[in-house]
Amino acid sequence: AADVITAQNEARELVAKALVDGRDYGKIPGTGDKPTLLKPGAERLTLAFGLTAQFTILEHERDHDRVNRYRKGNNELESYGLYRVVMLCELVERATGEVVGSAVASCSTLESKYISRPRDSENTVLKMATKRSHVGATLNALGLSEQFTQDVEDGAPAAAAAEGEQPAGSSSASAPADDPQPSCPK
């Protein structure tokens, strides 16, 4: 227990001294009081604590011919392709090879920010799942979930509303405000 508290205090001290607001973490409008840990911050923390990130694709789905229907304003539109990745990130202590934290995260072109252009987003989906799992593993390993949140910039309701995109067949009156994205069929 003492080691956990010491590690958390060291991580908080490092955050205060080495991480920069706007580069390593930041506040995302409309998402609450906690700042979001960004990829550069997760990378700095991982490096500072002698950890290395190892990634494993747990699931990968490709369907180049899938037809996706979604709404933008009053228009029902179509896009083609589905790409989905579920990624595991394990943070490994360099000196011992011991796994000290992990997280699983996913990304899909059915998310509102990608649904209008899924065929252009296959690599982006891979990179976003990687980033999300790394940030999650960093928060888990260093006990920083009390100080930071993650990925609110990826699915913030304000961002989706600003784009005016919704899955076809849904309406802003009936859809939950915090879940404007279509669900994956799997």
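Look above for the structure.
On a predicted model such as this, the values are computed, not experimentally measured, just so you know.

A. Region of interest: the side chain of Thr 109. Positionally, Thr 109 belongs in the loop between strand S5 (99-108) and helix H3 (122-142). According to the relative accessible area criterion, Thr 109 is buried, its value standing at 0%. Every residue in contact with Thr 109, bar those within four places of it in the chain, is listed here: Gly 81, Leu 82, Tyr 83, Tyr 114, Ile 115, Pro 118, Ser 121 and Val 125.

B. How the structure looks around the pattern of salt bridges. Using the criterion set out here, one finds 11 salt bridges in the structure. The closest approach of N and O atoms between Asp 24 and Arg 44, which form a salt bridge, is 2.8 Å. One end of the pair, Asp 24, is in the loop between helix H1 (2-18) and strand S1 (25-26); the other, Arg 44, is in helix H2 (residues 39-48), and 20 residues separate them in sequence. Salt-bridge contacts for Glu 111 lead to Arg 132; the nearest nitrogen and oxygen are separated by 3.0 Å. Of the two residues, Glu 111 sits in the loop between S5 and H3 while Arg 132 sits in helix H3, which places them 21 residues apart along the sequence. Residue Glu 111 is classed as buried on the basis of its relative accessible area, which comes to 12%. With relative accessibility at 7%, the residue Arg 132 sits in the buried group. In this structure, a network of salt bridges that share partners links the residues Arg 23, Asp 24 and Arg 44.

C. Summary view of the nonpolar core. One finds Ala 11, Val 15, Leu 19, Tyr 25, Leu 37, Ala 42, Leu 45, Val 135, Leu 139, Leu 142, Leu 144 and Phe 148 forming the largest nonpolar core, which totals 12 residues. Sorting the residues of this core by element identifies H1, H2 and H3 as the ones contributing at least two each. With three residues, the top contributor of residues to this core is H3.

D. Molecular detail of the packing of aromatic side chains. Applying the stated criterion across every chain, the model contains one aromatic pair. Taking 5.4 Å as the distance between ring centres and 55° as the angle between the ring planes, the aromatic pair formed by Tyr 25 and Phe 148 counts as tilted. With a gap of 123 residues between them, Tyr 25 in strand S1 and Phe 148 in the loop between H3 and helix H4 (152-155) connect regions that are remote in the sequence. Judged on exposure class, the residue Tyr 25 and its partner Phe 148 are both buried.

Rules behind the numbers
- Residues numbered from 1 in each chain as written.
- Predicted model: local features only at pLDDT ≥ 70, side-chain atom pairs only at ≥ 80, totals over all residues.
- Heavy atoms only, no water.
- Helix = DSSP H or I, 4+ residues; strand = E, 2+ residues; numbered from the N terminus.
- Buried < 20%, exposed > 50% of the residue type's maximum accessible area, 1.4 Å probe, protein only.
- Contact = heavy atoms within 4.5 Å.
- Salt bridge = Lys/Arg side-chain N within 4 Å of Asp/Glu carboxyl O.
- Core = buried A, V, L, I, M, F, W, Y, C linked by side-chain atoms within 4.5 Å.
- Phe/Tyr/Trp six-rings, centres within 6.5 Å; stacked < 30°, edge-to-face > 60°.

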